[in-house]
Amino acid sequence: IHSFCKKDDHNKENLFNSLNYDVAAKKRKKDLLNNKAKIQYFHQEKWIYVHKGSTKERHGYCTLGEAFNRLDFSSAILDSRRFNYVVRLLELIAKSQLTSLSGIAQKNYMNILEKVVQKVLEDQQNIRLIRELLQTLYTSLCTLVQRVGKSVLVGNINMWVHRMESILHWQQQLNNIQITRPAFKGTTFTDLPLCLQLNIMQRLSDGRDLVSLGQVAPDLQVLSEDRLLWKKLCQYHFTDRQIRKRLIVSDKGQLDWKKMYFKLIRCYPRKEQYGDTLQLCRHCHILSWKGTDHPCTANNPETCSTSLSPQDFINLFRF
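Residues numbered from 1 in each chain as written. Predicted model: local features only at pLDDT ≥ 70, side-chain atom pairs only at ≥ 80, totals over all residues. Heavy atoms only, no water.

The chain is annotated in an unreviewed UniProt entry as F-box only protein 32 of Bucorvus abyssinicus. Per UniProt, the chain has the following entry under Pathway (unreviewed entry): "Protein modification; protein ubiquitination." The annotation that UniProt attaches to the chain under Subunit (unreviewed entry) is "Part of the SCF (SKP1-CUL1-F-box) E3 ubiquitin-protein ligase complex SCF(FBXO32) formed of CUL1, SKP1, RBX1 and FBXO32." (UniProt positions renumbered as here; feature names shortened; annotations may be inferred.)

Shown next, in the form of structure tokens:
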């Protein structure tokens, strides 16, 4: 009897362990299926349908925050053709659209911003661009935090104070960047013929870059003051009517195109040009990055796409 009871207890223990194992196995299988479903959802559908009418359904689903979460901006900042586009979009959201983002979208915004800062710290490029973005965001948050009683920000106020501290830390890191001179001792920019140097300088679309370049060497200082260079820059960014309203004549009786440029940028927005932009399909009203597959029923989907500027993207969700 003693041996029989001992054997029976042993079988009960094995049965209990077997049941636990089956339950655990089923739970792992269910979790695996759920994880696969989530991965397929986030990684396959990198597009969003933009409703044509201003309806409650549009307001409930097709929002700026939903689009920001779905359009894979984390990968876009790693593409040099899309980097400036994403940064400009982050700046526009920081100026006026931050409170329209959902809590998840705001968290996603800060995560993408952190990746942008880390990328700039690593490759030491676009430093001034990110400084301006951080300053714009910090100024907006200072205004919003003071209005916390109106619940304009999602989440605890301490969390936003911590994020503001992170922004200050990022600004300090950018200010401490020391750009090292490359060890390459071959042909430099100043070794090129003057006509080639001037041709390269004509490709710069920001007058501040021309001023910075002129501070490198005395010869470049002379080239950076070229009247034709600043004239082409004004004509690239502004219309003839805008230029005529802001004419400035120098002491020599000639138009001072350099002063006119910096006066014009204070009065009018500059022309924006990007290597790659978000595309809106006119046929199926789906928003996605160029080259992203989406369920379009048009015979030639490529001919239905329209490029959107960062401001056009935000305007899609104003209703």
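### With respect to unusual backbone geometry
The phi torsion at Asp-72 lies on the positive side, around 55°, for a residue other than glycine. The topology assignment puts Asp-72 in the loop between helix H3 (64–70) and helix H4 (73–76). Although it is not a glycine, His-285 adopts a positive phi angle of roughly 60°. Here His-285 is to be found in the loop between strand E2 (278–281) and strand E3 (286–289). (Helix = DSSP H or I, 4+ residues; strand = E, 2+ residues; numbered from the N terminus.)

### A look at the pairing of E2
Burial along E2 is two-sided: Leu-278 and Leu-280 and Gln-279 and Cys-281, pointing in opposite directions, are all buried. Sheet topology places E2 next to E3; three bridges connect them, and they run antiparallel. Looking across to E3, one finds that Leu-278 is bridged to Trp-289. Between E2 and E3, which pair antiparallel and follow one another directly, the connecting turn spans four residues, one of which, His-285, has a positive phi of 60°. (Buried < 20%, exposed > 50% of the residue type's maximum accessible area, 1.4 Å probe, protein only. Pairing = 2+ DSSP bridges.)

### Some details on the confidence of the model for the chain
Put simply, the chain has an average pLDDT of 81, and 80% of its residues get 70 or more. For residues 36–43, every residue scores under 50 in pLDDT, and the model assigns this stretch four contacts once sequence neighbours within four places are set aside. (pLDDT = per-residue confidence, 0-100. Contact = heavy atoms within 4.5 Å.)

### Thoughts on the nonpolar core
Counting residues in each nonpolar core, the largest one holds 54 residues, and the members touching the most others are Leu-71, Phe-73, Tyr-109, Ile-130, Leu-137, Leu-287 and Phe-313. Looking at which element gives the most residues to this core, the answer is helix H5 (residues 80–97), with nine residues. Sequence-distant contacts of Ile-130, defined by excluding residues within four places in its chain, comprise Phe-83, Val-87, Val-116, Val-117, Val-120 and Leu-174. (Core = buried A, V, L, I, M, F, W, Y, C linked by side-chain atoms within 4.5 Å.)

### Things to note about the packing of aromatic side chains
Summed over all chains, the structure comprises eleven aromatic pairs. With centroids separated by 5.3 Å and ring planes inclined at 80°, the aromatic side chains of Tyr-85 and Tyr-274 adopt a geometry described as edge-to-face. Of this pair, Tyr-85 sits in helix H5 while Tyr-274 sits in the loop between helix H14 (257–267) and E2, and the two are 189 residues apart along the sequence. Residue Tyr-85 is classed as buried on the basis of its relative accessible area, which comes to 0%. (Phe/Tyr/Trp six-rings, centres within 6.5 Å; stacked < 30°, edge-to-face > 60°.)

### With respect to H5
With 18 residues, H5 extends 25 Å from end C-alpha to end C-alpha; this agrees with the ideal 26 Å at 1.5 Å per step. Within the span of H5, buried status applies to Arg-82, Phe-83, Tyr-85, Val-86, Val-87, Leu-89, Leu-90, Glu-91, Leu-92, Ile-93, Ala-94 and Gln-97. (Expected span 1.5 Å × (residues − 1).)

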